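# Structural overview
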Amino acid sequence: MSRVKLETIWQHDKVLPYILTTLKDRIDDITAVEKIFLFGSRGRIPFEEWKELEGKDWDVLVQAKCKLKNAHVLVDKDYYLDLLVLDEEKIRTYYSKNKMVMVFPENELNNIENHLNAPREIT
């Protein structure tokens, strides 16, 4: 997900907004983007442990009005990104049992960050 800059691949707060906004705009030119999910390693392990994934690629699943067969052509060659663009029916059929984290339109990572950074009562 990052341009061969290994120290930032796992830094979702710096990488995701830029990459996913650009990617969403490119897909929107072809078909309407409804949702964007992270799956694979980042969907399976708790957010707090993502630093262990440093150097690994990002698995992005985009729900759109129609499937894009060769979605990889939308990704610049220097990004560590696996991209699937499927319609809602295909996602429900093949990915509904997978653990995924929604990052658009609802950013579940913000909810996790807010929870992690919320002040806690000391008892």
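Residues numbered from 1 in each chain as written. Predicted model: local features only at pLDDT ≥ 70, side-chain atom pairs only at ≥ 80, totals over all residues. Heavy atoms only, no water.

When pLDDT is averaged across the protein chain, the result is 77; 75% of the residues are at 70 or more. Here residues 115-123 scores under 50 on pLDDT; set against residues more than four positions off or in separate chains, the count is three contacts. (pLDDT = per-residue confidence, 0-100. Contact = heavy atoms within 4.5 Å.)

Among the seven residues that make up strand 1 (residues 33-39), five are buried, leaving the element largely enclosed by the rest of the structure. In this sheet, strand 2 (residues 58-64) lies alongside strand 1 in antiparallel orientation, the contact comprising six bridges. Its bridge partner being in strand 2, phenylalanine 39 is matched across the sheet by aspartate 59. In this sheet, strand 4 (residues 101-104) lies alongside strand 1 in antiparallel orientation, the contact comprising three bridges. (Buried < 20%, exposed > 50% of the residue type's maximum accessible area, 1.4 Å probe, protein only. Helix = DSSP H or I, 4+ residues; strand = E, 2+ residues; numbered from the N terminus. Pairing = 2+ DSSP bridges.)

We now examine the nonpolar core. Grouped together as the largest cluster of nonpolar side chains are 24 residues, with contacts concentrated most on Ile27, Leu38, Val60, Val62, Leu83, Val85 and Leu109. Elements supplying a minimum of two residues to this core: helix 1 (12-28), strand 1, strand 2, strand 3 (81-86) and strand 4. Aside from chain neighbours lying at most four places away, what touches leucine 38 is Leu16, Gly43, Trp50, Trp58, Asp59, Val60, Lys99, Met100, Val101, Val103 and Leu109. Within the second largest apolar cluster, eight residues are counted, among which are Phe39, Leu61, Tyr95 and Met100. (Core = buried A, V, L, I, M, F, W, Y, C linked by side-chain atoms within 4.5 Å.)

Attention now moves to the pattern of salt bridges. Proximity of charged atoms lets side chains of opposite charge pair with each other. In this structure the tally under the stated criterion is three salt bridges. A salt bridge links aspartate 28 to lysine 24, with the nearest nitrogen and oxygen atoms 2.6 Å apart. Placement of the pair is aspartate 28 and lysine 24 together in helix 1, with a separation of four residues, close to one helical turn. Among the residues examined, lysine 24 registers a relative accessible area of 18% and is labelled buried. A salt bridge links arginine 92 to glutamate 88, with the nearest nitrogen and oxygen atoms 3.8 Å apart. Of this pair, arginine 92 and glutamate 88 both sit in helix 3 (residues 88-95), four residues apart, which is roughly one turn of that helix. The exposure class assigned to arginine 92 is exposed, which follows from its relative accessible area of 53%. With relative accessibility at 38%, the residue glutamate 88 sits in the partly exposed group. (Salt bridge = Lys/Arg side-chain N within 4 Å of Asp/Glu carboxyl O.)

All right, on to the side chain of glutamine 63 then. Along the chain, glutamine 63 falls in strand 2. Classification of glutamine 63 as buried rests on a relative accessible area of 5%. In this structure, glutamine 63 is in contact with Ala32, Val33, Glu34, Lys35, Phe37, Leu86, Asp87, Glu88 and Ile91, ignoring residues within four places of it in sequence.

Glancing now at the sheet that holds strand 4. If you trace the four strands from one edge of the open sheet to the other, you get 3-2-1-4, paired in mixed fashion. With partners counted over all chains shown, the strands left at the sheet margins are strand 3 and strand 4, one partner each. Neighbour-to-neighbour, the strand axes of this sheet turn through a mean angle of 25°, independent of strand direction. Each of strand 1, strand 2 and strand 3 touches helix 3; the most contacted strand, strand 2, lies at about 135° to it. (Axes fitted to C-alpha atoms, helices over the stretch in contact; angles between N-to-C directions.)

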